Amino acid sequence: MPDATCSAVLFDIDGTLVDTNYLHVEAWSRAFVEVGHPVEAWRIHAAIGMDSAKLLGALLGDAAAELGDVAKERHAAHFADLADRIRALPHARDLLRELARRGLKVVLATSSPPEEFDRTTAVLDAGDAVLTATTSSDVDTAKPAPDVVGVALERAGVAAEDAVLVGDAVWDVRAAAAAGVRCIGVRSGGVGAGELREAGAVAVYDDAAALLDDLDRSPLFAR
């Protein structure tokens, strides 16, 4: 077994470990209709993983100040209604457990609200493989700002150069870059490999299962 190139692996959750991105698209789509400002699904998908204030600004424009809070509340309600459709992505928990078995610190670096975090991590069921985590309660500004990554590094007790982030969105890659952390992209959130590489991902895999299969040759272990 090769030595690791880092001591901590930070993971985004939505679209990376659990199959929720398109549930979020559905929930936001319903919410925007209800506030009288329908938004095309492809535009919503492109913004998934972005700080909610930035997402609302990007999708509602000038109407965000008036409609944003209600849209956010309606999204939360609709996402809760879709909770029975949340699934862990293939071998996601196996990847976390294998990394922990090899002695790496596994951190969930997300800005999901605590109630959403509880739902998704219950489905993920990674147990004691996860050392620590972040939620929206820990930061004022989410990705692509580096705040979430910074808190995750602090809680893991590691420097930026000694960590790698795994995420599915360009916002993950940009947040990692802003924090000085390498990022591995996965396509399981629906973003293409080209977009992830252009944003700065050092490698791209289809999903957690593909990363697990290639672990010894991945940037986590291959020097």
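Going by the structure above, here's the rest.
Residues numbered from 1 in each chain as written. Predicted model: local features only at pLDDT ≥ 70, side-chain atom pairs only at ≥ 80, totals over all residues. Heavy atoms only, no water.

Caption draft 1: A look at the pairing of strand E5 (residues 182–186). Judged by how many residues are buried, E5 sits mostly within the fold: 4 of 5 residues are covered. Judged from the 4 bridges that link them, strand E4 (residues 163–167) and E5 form a sheet pairing that is parallel. Residue pairing for E5: Leu165 is matched across the bridge by Cys183. Crossover E4 to E5 through helix H8 (residues 170–179) is right-handed. Pairing of E5 with strand E6 (residues 203–205), which is carried by 3 bridges, proceeds in the parallel orientation. Each bridged residue has a counterpart across the sheet, and for Val186 the counterpart in E6 is Tyr205. Handedness of the crossover joining E5 and E6 through helix H9 (residues 193–199): right-handed. (Buried < 20%, exposed > 50% of the residue type's maximum accessible area, 1.4 Å probe, protein only. Helix = DSSP H or I, 4+ residues; strand = E, 2+ residues; numbered from the N terminus. Pairing = 2+ DSSP bridges. Right-handed = clockwise from strand over helix to strand, strands pointing away.)

Caption draft 2: Structural view of the pattern of salt bridges. Taken as a whole and judged by the stated rule, the model has 12 salt bridges. A salt bridge links Glu98 to Arg101, with the nearest nitrogen and oxygen atoms 2.8 Å apart. Remark: Arg101 and Glu98 occur in helix H5 (residues 92–101); sequence separation between them is 3 residues, near one turn of the helix. For Asp206, the salt bridge is made with Arg187, and the minimal N-O distance between the two is 2.8 Å. Pair noted here: Asp206 is in the loop between E6 and helix H10 (208–213) and Arg187 is in the loop between E5 and H9, with a separation of 19 residues, a long-range link. In this structure Arg187 comes out as partly exposed when scored by relative accessible area, which is 40%. In this structure, a network of salt bridges that share partners links the residues Glu98, Arg101, Arg102 and Asp216. (Salt bridge = Lys/Arg side-chain N within 4 Å of Asp/Glu carboxyl O.)

Caption draft 3: Structural view of the sheet that holds strand E2 (residues 105–109). Read across the sheet, 6 strands follow the order E3-E2-E1-E4-E5-E6 without closing on themselves; strand pairing throughout is parallel. On the outer flanks of this sheet lie strand E3 (132–134) and E6, each paired with one strand and no other. This sheet shows a mean twist of 25 degrees between the axes of neighbouring strands, independent of strand direction. Here strand E1 (residues 8–11) runs beside E4; their pairing, made up of 4 bridges, is parallel. Within E4, the residue paired with Leu10 across the bridge is Leu165. Contacting E4 and E5, H8 crosses the sheet at an angle of about 170 degrees to E5. (Axes fitted to C-alpha atoms, helices over the stretch in contact; angles between N-to-C directions. Contact = heavy atoms within 4.5 Å.)

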